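# Descriptive structure summary
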Amino acid sequence: RRPSWGRHDRGGMRYAVCAMPDGDKPVLVLDALEGLLEFSLVRRDERTDQSRRFTMPQALRDFARGELEASGQAKAVRRRHAEHVLNVADEARVWFAADPAATASVLVHEAEIRPALAWASSHEPELYRRLVCALALGLIRRGHVAEALGHATRACATFEVPGDEIDAWVGNCRAYALEMSGRVEEGEAAIKPVIAFYRTGEHPIGLGLALHTAGWL
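Residues take numbers from 1 onward in each chain, read along the sequence in its written order. With the structure being a predicted model, the display of local features is reserved for residues of pLDDT at least 70 and the display and counting of side-chain atom pairs for 80 or more, all residues being used for whole-chain, interface and lining totals. Side-chain metrics in this entry use all non-hydrogen atoms of the structure; hydrogen atoms and water are not considered.

## As for the packing of helix α5 (residues 110-123) against helix α6 (residues 125-141)
Angle between the axes and distance between the axes are the two parameters that describe a pair of packed helices. The following threshold applies: Whenever a helix is involved, its axis is fitted only over the stretch in contact; in every case the axis is a line through C-alpha atoms, and angles between N-to-C directions fall within 0 to 180 degrees. Secondary structure elements follow DSSP: runs of H or I of four or more residues count as helices, runs of E of two or more count as strands, with numbering from the N terminus. Each crossing gets its handedness from the near helix: less than a right angle anticlockwise from the far helix is left-handed, clockwise is right-handed. Every residue pair with non-hydrogen atoms within 4.5 Å of one another is taken to be in contact. Here the nonpolar group is Ala, Val, Leu, Ile, Met, Phe, Trp, Tyr, Cys and Pro; Asp, Glu, Lys and Arg are the charged ones; every other residue, Gly included, is treated as polar.
Between α5 and α6, the least distance of the axes is 8 Å, while the angle of their chain directions is 145°. The two elements α5 and α6 cross, and the hand of that crossing is left-handed. Contacts between α5 and α6 involve Ile113, Ala116, Leu117, Trp119, Ala120, Ser121 and His123 from the former and Pro125, Leu127, Tyr128, Leu131, Val132, Leu135 and Leu139 from the latter. When the residues that make up the contact of α5 with α6 are grouped by side-chain class, the tally is 12 nonpolar, two polar and no charged.

Quick look at the structure:
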């Protein structure tokens, strides 16, 4: 059961972020991209195996960001961008046991993860909570422990005890990050309500992972 976050179908083509206004043809997005490539304003990313990845110089990104803000469409576009990052992470399921190919599908979006988290943390609390749930463990496994801890702590600040599986998994990631940071007593306190939540229902996998975290602590 995976939510269709930020997917927009136009004429059989999927646009995750650049949703087309009604009446426009999907081909316009490709025409615009082709024009940017022709003038070297956008470049193909040759560093990945992804044939459809493109990059833009930072100065041009900053200019484009300013134009987006001035257009009045920034909130809608940034929300779709964050939803797209969430959808990619959710499909890969990096929070639990992603295979190498699935993990790679998230890593190719590495540059998109931090902007999505930063925007959602200030504008969309529920979307932020889901992003942290999907991305925190991946950040920890890639060595960004302090960053993951900061996001998990902020997401956990909205509740005292987990209210659902998303809260519980964010709490588990926070306890794991605390353990990785050497803050064992705080980690022990953080994992207890997570274990209690999992024991109230049929959550054998979640309970097992939480007990595993508790064991390390």
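That shown, we press on.
## What about the state of the cysteines?
A covalent bond between the sulfur atoms of two cysteines is referred to as a disulfide. The criterion, for reference: Any two cysteine sulfur atoms within 2.5 Å of one another count as a disulfide. Only protein chains enter the accessibility calculation, which uses a 1.4 Å probe. A residue is then buried if its area is under 20% of the maximum for its type, exposed if over 50%, and partly exposed in between.
Evaluated as defined, the whole model comprises zero disulfides. Cysteine Cys133 shares no disulfide, and the gap to the nearest cysteine sulfur, in Cys173, comes to 7.1 Å. In this structure Cys133 comes out as buried when scored by relative accessible area, which is 14%.

## So, the packing of helix α9 (residues 184-198) against helix α10 (residues 204-216)
Formally: Should an angle lie under 35 degrees it is considered roughly parallel, over 145 roughly antiparallel, and from 65 to 115 roughly perpendicular; all remaining angles are considered oblique.
Contact geometry of α9 with α10 gives a least axis separation of 9 Å together with a crossing angle of 155°. Viewed along their axes, α9 and α10 adopt a mutual orientation that is roughly antiparallel. For the pair α9 and α10, the sense of crossing is left-handed. Note on element contacts: α10 touches α9 through Gly206, Leu207, Ala210, Leu211, Thr213 and Ala214, opposite Ile191, Val194, Ile195 and Tyr198. Its residues assigned to classes, the contact of α9 with α10 comprises eight nonpolar, two polar and no charged.

## Examining the nonpolar core
Basically, it comes down to this: What makes a nonpolar core is a set of buried Ala, Val, Leu, Ile, Met, Phe, Trp, Tyr and Cys residues whose side-chain atoms join them at distances within 4.5 Å.
Residues Leu117, Leu131, Val132, Leu135, Val170 and Tyr198 are the most contacted members of the largest nonpolar core, which totals 46 residues. Secondary structure elements with two or more residues in this core: α3 (74-92), α5, α6, α7 (145-156), α8 (165-180), α9 and α10. At 11 residues, α6 tops the list of elements feeding residues into this core. Each residue touching Leu117, except ones within four places of it in the same chain, is listed here: Tyr128, Leu131, Val132, Leu135, Leu139 and His151.

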